[in-house]
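Coordinate inspection notes
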Amino acid sequence: MSRVLPAGKRPRLVTAAAVLGLLSPLAACSSASTAVEACMGKQATSATSGELEGTYVGEADAKGVTITLKASDKGTGGTVTVRHWPTGSWYKSELGDTFDGSGTWDVVGGTGSDAYGQVHLSFTEPKRFLQDDTLDSLSIAEDGERVYLYEDDDPDVCPKFRLRPT
């Protein structure tokens, strides 16, 4: 047996259901790391050069990209080599959409309660002018077995530019 609501009550019920439907996806994105954790692992607050050393290959928007991090004997970084790395818009006319290059890298730990570890890249090849006109900072995620690097551009979705270890 179905119950019929009075005419004045029906719009409120429909409106309440609609509002709850809109708010439900927001609960799933309550923390900045939720989307990252769902597809790669927990965002790392820090990492060592030794933990990050190795070769990573791209997935999604980073398909075809390779980055190799070699740790230095001293410090918190080392040397970096990239293949098919995205060129910033300023130098696309000279280098094309991607470039192969090298330089140095450094790992920096999070400094606040919601800050996470990052890898900072400094390219010396093809030329030093690439600084700040290409992707030069990657966030770090870990799933207990592997470490991932990614561009942290939208905390509500799985990062589109992500690199997994080989």
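Now for a look at the structure at hand. (Residues numbered from 1 in each chain as written. Predicted model: local features only at pLDDT ≥ 70, side-chain atom pairs only at ≥ 80, totals over all residues. Heavy atoms only, no water.)

**Remarks on the overall build of the protein**
This is how the line gets drawn: Numbering of helices and strands runs from the N terminus; a helix is a DSSP stretch of H or I covering at least four residues, while a strand is a stretch of E covering at least two. Relative accessibility under 20% of the residue-type maximum defines a buried residue, over 50% an exposed one, and the middle range a partly exposed one, all with a 1.4 Å probe and only protein chains included. Only heavy atoms matter for contacts: two residues are in contact if any of them lie within 4.5 Å across the pair. Here the Shrake-Rupley method, with its probe set to 1.4 Å, supplies the accessible areas, and only the displayed protein chains count as covering residues.
Counting its regular elements, the protein contains four helices and nine strands. Taking all 166 residues of the protein together, the buried fraction comes to 30%. A separation threshold of at least 6 residues defines the contact pool for the protein, and within that pool the share at least 24 residues apart is 49%. Within the structure as shown, the protein displays about 10,100 Å² of accessible surface, and the carbon and sulfur contribution to it stands at 53%.

**Quick look at the nonpolar core**
Selection rule: We define the nonpolar core as a collection of buried residues of types Ala, Val, Leu, Ile, Met, Phe, Trp, Tyr and Cys that are connected through side-chain atoms lying within 4.5 Å of one another.
Core analysis: the largest hydrophobic core is formed by 24 residues, its most contacted members being Leu52, Ile67, Trp85, Leu121, Leu138 and Leu163. If you list the elements that add at least two residues to this core, you get strand E3 (66–71), strand E4 (77–86), strand E5 (98–108), strand E6 (118–125), strand E7 (137–142), strand E8 (147–150) and strand E9 (161–165). Setting aside anything within four residues of it in sequence, one finds Leu52 in contact with Ala47, Leu69, Trp105, Val107, Val119, Ile140, Val147 and Leu149. Counting residues in each nonpolar core, the second largest holds five residues, with Val36, Met40, Ala141 and Tyr150 among its members.

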